[in-house]
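# Fold and contact review
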Amino acid sequence: MITREDVEHVALLARLELSEEEKQVYTEQLGKILEYASVLNELDTEDVPPLAHVLPLQNIFRADEVKAHLDPETVLKHAPDREGKHFRVPRLV
Amino acid sequence: MDLCFLPAHELGRLLREKKVSAVELAGAVYSRIDAVESRVKAYLLTLKEEALNQARAVDAALASGEELLPLAGIPLAVKDNICLRGVETTCASKILKGFIPPYDATVIERLKEQRVVFTGKTNMDEFAMGSSTENSGFYPTANPWDLERVPGGSSGGSAAAVAAGEAVLALGSDTGGSIRQPASFCGVVGLKPTYGLVSRYGLVAFASSLDQIGPITRDVRDCALLLNAIAGHDPRDSTSAPQEVPDYTEFLVPDVRGFRIGIPREYVGEGIAPEVRAVLNRVVELLEGMGAEVEETSLPHVRYSLPAYYLIAPAEASSNLARYDGVRYGLRVPAEDVVTMYKRTRSQGFGAEVKRRIMLGTYALSAGYYDAYYLKALKVRTLIRRDFDEAFKRFDLILSPTAPTPAFKIGEKVADPLAMYLSDIFTLAVNLAGVPAISVPGGFAGHLPVGVQFIGPPFAEGQLFRAAYALEQEAGLAAKRPAL
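The present account deals with the structure reproduced in this document.

About the thresholds
- Here the residue numbers are simple positions, counted from 1 along each chain's written sequence.
- The order in which chains are written sets their letters, starting at A; the order in which ligands are written sets their numbers, starting at 1.
- Side-chain atom pairs in this predicted model are given and counted only at pLDDT of 80 or more, local residue features only at pLDDT of at least 70, and totals for whole chains, interfaces and linings cover all residues.
- Water and hydrogen atoms play no part in the side-chain values, which are based on all heavy atoms of the structure.
- Here a strand is any run of E in DSSP of at least two residues, a helix any run of H or I of at least four, and the numbering for each starts at the N terminus.
- Burial here depends on accessible area, computed with a 1.4 Å probe over protein chains only, as a share of the maximum for the residue type. Under 20% is buried, over 50% is exposed, and the range in between is partly exposed.
- To be clear on the numbers: accessible area is Shrake-Rupley with a 1.4 Å probe, and residue cover counts the displayed protein chains and nothing else.
- The charge count treats Lys and Arg as positive and Asp and Glu as negative. His and the chain ends do not count.
- Charge positions come from single atoms, namely NZ of Lys, CZ of Arg, CG of Asp or CD of Glu.
- In this treatment the radius of gyration is a C-alpha quantity, and the globule benchmark scales as 2.2 Å times the residue count to the 0.38 power.
- In what follows, a contact means two residues having at least one pair of non-hydrogen atoms within 4.5 Å.
- At least two DSSP bridges between two strands are required for those strands to pair.
- Lines fitted to C-alpha atoms define the axes, with helix axes restricted to the stretch in contact, and inter-axis angles between N-to-C directions lie between 0 and 180 degrees.
- Identification of polar contacts relies on pairs of N or O atoms within 3.5 Å, with a donor-acceptor requirement for protein atoms, meaning one able to donate a hydrogen and the other able to accept it, and with residues adjacent in sequence counted only if both atoms are side-chain atoms.
- Residues form patches when they are more than 30% accessible in relative terms and have no salt bridge. Like charges link within 9 Å. Nonpolar side chains (Val, Leu, Ile, Met, Phe, Trp, Tyr) link within 5 Å.
- Salt bridge, as used here: a side-chain nitrogen of Lys or Arg that lies within 4 Å of a carboxyl oxygen of Asp or Glu.
- Disulfides are defined in this document as cysteine sulfur pairs within 2.5 Å.
- Take the accessible area each of two parts loses on contact, using a 1.4 Å probe, and add the two losses: that sum is the buried area.
- Classification convention: Asp, Glu, Lys, Arg as charged; Ala, Val, Leu, Ile, Met, Phe, Trp, Tyr, Cys, Pro as nonpolar; all other residues, Gly among them, as polar.

### Focus: the overall build of chain A
- Looking only at helices and strands, one finds three helices and two strands in chain A.
- When the elements of chain A are put in sequence order from the N terminus, they spell out α-α-α-β-β.
- By residue count, 31% of the 93 residues in chain A fall in the buried class.
- When the accessible surface of chain A is totalled, it reaches about 6,900 Å², and 53% of it is carbon and sulfur.
- Side chains of chain A give 11 positive and 19 negative charges; the mean places of these two sets differ by 14 Å.

What follows is the structure, given as structure tokens:
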């Protein structure tokens, strides 16, 4: 069962600010979806390995070489706020 | 001659024979856009001037005797989660409003080599999360066959554009059915390639272990031609499969004699509209008439696809969408401190469905719930994959409806997320298993098109094309178009 407190905690983890109405709706809807998902517990998966990814590829390496890349001005062009070559944000602490 | 409704392979021939110019063709598509776009709303933006310039370059190349590649001069629409350098890419989200990518996706680079003409960026459910295109942060798209109905989603704009003659080809992306379900609803062909066949570099990530870019086209030959152009290994995508890609048009023979086709009983049971069942039965008759062996089979774990998917995809999404924080690009809602800025930016920038999935995914990954939800879902994913591996020991292909119903009414399912999720019930397992599947028109339910889905083993796109092509030739639906 998912509670309103759970929703508030998860919203903080996800960096979302929810209105009172959203908290209400998400508590109800997430509860329903998770209840629906509990059907997975019908299956015994004790000895089943998880499948995170379907391709049998691991550790894709490449040579550590400098290649063409975007110049800082192109990257910074979209910054909502900047100072010189830096992204500017409000105070952190 | 109505150029906008001819397939790319015929238009390519007309271009090479100089019976039509690329500029005439682009002009015809934009006239069509002018005539119907205010009702369909398939696009978020169109690129008329750039497209005409590209078309002029194709005509000049042709005049100078240059050998054109198969898709040169063909108007193609791009789903708005694929980066096209210098053109706004928003994923239909307010949080990316104004974002102009400084690079091309690999698929776009490859299509530029072909000299494709890019018509514009198409509407979609925000961040590809949805099944109706109603979750677009800007406006919904209408189904060209019935303007009161949805085109499906999330690649609804791309499917509607092709169906309405507003583009000849389109790119979509498919995480749980987002190419195939709108293809079914709009009466066009849509392919979800094997995971790893098409580079995801430049595709805005939703659920990285499930996402694939694929073609949405007027017929099966066009689908094979477009896959030829975009498939193949890309060192910039570490999940791209390092293997050779065949010429898929070589599989286009109308012959399915001896093909063993399995129909999972889990996919023809409850929840299917009778008119969809009728189309499936008719398709089975046609395939058997052509000499295929169709038999019932079972994929015992596919009924767990929906709950597994709605834990895995939101979990991956919650992680992928953490990058939208208002720091480097996109929307920023100012605040006194940085955490409040993140929260306000994300709360105002994301729509309801995106927030719902971020919440669900964050919950499923959070301390104390990870094993019970996320890890459990990944284990069930193994069981689903094994079901397909087993089935493909006995069958060449699996056949099912693409969606349980024809296109539904706009607004019908918006208030009930679970009802909306159920419209992907037959497509989700394919993404979880990483196998390829194609939706091809199978018939009509009244005035609405209904697609069927062929599913194949990994990298068996050729087999899918062969079966879909044979069915297309036999079903004789190609001349049908919406009375728009």
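Additional details are given in the paragraphs that follow.
### What about the overall build of chain B?
- A count of helices and strands for chain B gives 15 helices and 11 strands.
- The C-alpha atoms of chain B give a radius of gyration of 21 Å, which matches the 23 Å a tight globule of 484 residues would have.
- Overall, the C-alpha framework of chain B stretches about 65 × 50 × 45 Å when taken along its three principal axes.
- Considering only residue pairs separated by 6 or more positions, chain B has 76% of its internal contacts joining residues 24 or more positions apart.
- Carbon and sulfur atoms make up 49% of the accessible area of chain B, which totals about 15,400 Å².
- With 51 positive and 56 negative side-chain charges, chain B shows a separation of 3 Å between the mean positions of the two kinds.

### Re the sheet that holds strand 4 (residues 169-174) of chain B
All names here are of chain B.
- In spatial order, the strands read 1-3-2-4-6-5-10-11-9-7-8; together these 11 strands make up an open sheet with mixed pairing. Only two strands of the sheet have a single neighbouring strand rather than two, namely strand 1 (43-46) and strand 8 (293-297). Within the sheet, the average angular offset between the axes of one strand and its neighbour, ignoring direction, is 30°.
- Note that strand 4 and strand 6 (residues 212-217) share six bridges and pair antiparallel. Following the sheet pairing, Asp174 is matched in strand 6 by Gln212.
- Most of the contacts of helix 3 (residues 48-63) go to strand 3 (residues 117-122), to which it runs at about 155°, and overall it touches strand 1 and strand 3.

### A look at unusual backbone geometry
- For the bond running from Gly153 of chain B to Ser154 of chain B, omega is 10°, close enough to zero to count as cis.
- In this structure, Ser154 of chain B sits in the loop between strand 3 and helix 5 (156-163).
- Look at Asn59 of chain A: it is not a glycine, yet its phi comes out positive at around 45°.
- Along the polypeptide, Asn59 of chain A turns up in the loop between helix 2 (20-37) and helix 3 (72-76).

### Some details on the environment of Ser154 of chain B
Residues and elements named next belong to chain B.
- Given the relative accessible area of 0%, Ser154 is considered buried.
- On a C-alpha basis, the gap between Ser154 and Gln473 in space is 28 Å, while along the polypeptide they are 319 residues apart.
- Setting aside residues up to four positions removed in sequence, Ser154 forms contacts with Lys79, Asn123, Met124, Asp125, Ala128, Met129, Gly130, Thr133, Ser173 and Ser178.
- A distance of 3.5 Å separates a polar atom in the side chain of Ser154 from the backbone oxygen of Ala128.

### Quick look at a nonpolar patch on the surface
Residues and elements named next belong to chain A.
- Taken together, the side chains of Val89, Leu92 and Val93 define a hydrophobic patch exposed on the protein surface, amounting to about 340 Å² of accessible area.
- Mapping Val89 onto the fold places it in the segment after strand 2 (86-87).
- For Val89, a relative accessible area of 33% puts it in the partly exposed group.

### Observations regarding the environment of Asn143 of chain B
Residue and element names in this part refer to chain B.
- Secondary-structure assignment places Asn143 in the loop between strand 3 and helix 5.
- As a C-alpha pair, Asn143 and Leu210 span 67 residues in sequence and 26 Å in three-dimensional space.
- Look past the residues within four positions of Asn143 in its chain and what remains in contact with it is Arg149, Val150, Pro151, Phe185, Cys186 and Ala407.
- Within polar-contact distance, the side chain of Asn143 engages the backbone oxygen of Val150 at 3.0 Å.

### A word on the state of the cysteines
All names here are of chain B.
- Inspection of every chain in the model, using the stated rule, returns zero disulfides over all chains.
- Summary of cysteine pairing: Cys83 is not part of a disulfide, and the nearest cysteine sulfur, belonging to Cys91, is at 7.6 Å.
- Take Cys83: its relative accessible area is 3%, and that puts it in the buried class.
- Free cysteine Cys186: the closest other cysteine sulfur is in Cys223, separated by 15 Å.

### Topic: the pattern of salt bridges
All names here are of chain B.
- Enumeration over the complete set of coordinates arrives at 33 salt bridges over all chains.
- The partner of Arg13 in a salt bridge is Glu17, with the nearest N and O atoms 3.6 Å apart.
- For Arg13, a relative accessible area of 41% translates into the label partly exposed.
- For Asp104, the salt bridge identified is with Lys112, shortest N-O distance 2.8 Å.
- Among the residues examined, Lys112 registers a relative accessible area of 34% and is labelled partly exposed.

### Points about the interface of chain A and chain B
- Taken residue by residue, the interface counts 50 residues in chain A and 67 residues in chain B.
- When chain A packs against chain B, close to 5,200 Å² is buried across both sides, 71% of that on carbon and sulfur atoms.
- Where chain A packs against chain B, one counts three salt bridges.
- In this assembly, chain A and chain B are joined by 20 residue pairs in polar contact (both at pLDDT 80 or more).
- Secondary-structure elements contributing two or more residues to the side of chain A that touches chain B are helix 1 (4-13) and helix 2 of chain A.
- Grouping the constituent residues of the side of chain A that touches chain B by class yields 34 nonpolar, six polar and 10 charged.

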